[in-house]
Amino acid sequence: MKTPSTRATKKSTATKLPPVRANAKQNLTALLRAAAEVFATSGVDAPVREIAERAGVGLGTVYRHFPQRSDLIVAVMQSHVEACADAAAVFATEYPPEEALARWLHRLMDFVGAKRGLAAALHSGDPAYAALPGYVMERLGGALRKLLDRAIAVKAVRSDIDAEELLWTVATMCRGPYGEKPAYASKMVDVLIDGLRYGANPKEQLTSMAAEL
């Protein structure tokens, strides 16, 4: 039996998780959920045994899926990103463009809060996480771009901002000392959304102002 090379074992890439069998998929889902919860409360250096116990699986199952701790951290981050990106398509089909955008920006706020427990690892300089920033921007930036374009098309929001700017604005507002207070972050996202509406339809706004005079 060949022993995997060190290089292959340590490699962590920001790509979608490969297809797995039904029972293995259940274990994987439970592992990712448990790891996210443990990382959020105990940090990314929490014992692997704690994660395995919370997921209801053995240590062997953890290491079979994730040979290195960095593999697990990357997978947890990916699961958060994919869930957030997928929500954009759901909101787009269920709500008008303006509301879909507003709801997703709040969902983005939740995502930023959820990854706070991963921050120590993601900003460690470890090359295992080098591909993550580009992956996050591609998936979330692409999801936001579609929602923003739809809202701009119906003149629900202003057109002089792009998706990347908006993505970084929300992320920045939800970090730091104020990011620890979800109610504050939510309020700031609401203020941002109001700002996006301002100037969306200048003619309509001028007519409204004239009527009030």
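Bear in mind the structure is a predicted one, so any value in this text is a computation, not a measurement. (Residues numbered from 1 in each chain as written. Predicted model: local features only at pLDDT ≥ 70, side-chain atom pairs only at ≥ 80, totals over all residues. Heavy atoms only, no water.)

Draft legend 1. View of the overall build of the protein chain. Per the secondary structure count, the protein chain includes 12 helices and zero strands. The 213 residues of the protein chain split such that 39% are buried. Of the contacts made within the protein chain by residues no fewer than 6 positions apart, 71% connect residues no fewer than 24 positions apart. (Helix = DSSP H or I, 4+ residues; strand = E, 2+ residues; numbered from the N terminus. Buried < 20%, exposed > 50% of the residue type's maximum accessible area, 1.4 Å probe, protein only. Contact = heavy atoms within 4.5 Å.)

Draft legend 2. The arrangement of helix 9 (residues 163-173) in detail. Taken as a whole, helix 9 has its buried residues at Ala163, Leu166, Leu167, Val170 and Ala171. Taken down its axis, helix 9 places every buried residue within 130° of arc, on the same side. Check the buried side of helix 9 and you find it contacts helix 6 (97-114), helix 8 (132-153) and helix 11 (182-197). (Arc of directions from axis to C-beta.)

Draft legend 3. Here's a closer look at the environment of glycine 141. With respect to the helices and strands, glycine 141 occurs in helix 8. The class of glycine 141 is buried, set by a relative accessible area of 0%. Spatially, the C-alpha atom of glycine 141 lies 6.8 Å from that of leucine 167, the residues being 26 residues apart in sequence. Contact partners of glycine 141, with chain neighbours within four places excluded, come to Val136, Ala163 and Leu167.

Draft legend 4. Focus on the nonpolar core. The biggest cluster of nonpolar side chains holds 68 residues, and the ones touching the most others in it are Phe39, Leu101, Trp104, Leu105 and Leu140. Those elements that provide at least two residues to this core are helix 2 (22-42), helix 3 (48-55), helix 5 (69-94), helix 6, helix 7 (119-122), helix 8, helix 9 and helix 11. The biggest single contributor to this core is helix 5, with 12 residues. The contacts of tryptophan 104, once residues within four sequence positions are left out, are Cys84, Ala87, Ala88, Phe91, Leu140, Ala143, Leu144, Leu147 and Leu167. (Core = buried A, V, L, I, M, F, W, Y, C linked by side-chain atoms within 4.5 Å.)

Draft legend 5. Summary view of the packing of helix 6 against helix 9. For the pair helix 6 and helix 9, interaxial distance at closest approach is 9 Å and the crossing angle is 50°. Viewed along their axes, helix 6 and helix 9 adopt a mutual orientation that is oblique. The interaxial crossing formed by helix 6 with helix 9 has right-handed handedness. Contact residues: helix 6 offers Trp104, Leu105, Leu108, Met109 and Val112, while helix 9 offers Leu166, Leu167, Val170 and Ala171. Its residues placed into classes, the contact of helix 6 with helix 9 shows nine nonpolar, no polar and no charged. (Axes fitted to C-alpha atoms, helices over the stretch in contact; angles between N-to-C directions. Parallel < 35°, antiparallel > 145°, perpendicular 65-115°, else oblique. Left-handed = near helix turned anticlockwise from the far one by under 90°. Nonpolar A, V, L, I, M, F, W, Y, C, P; charged D, E, K, R; others polar.)

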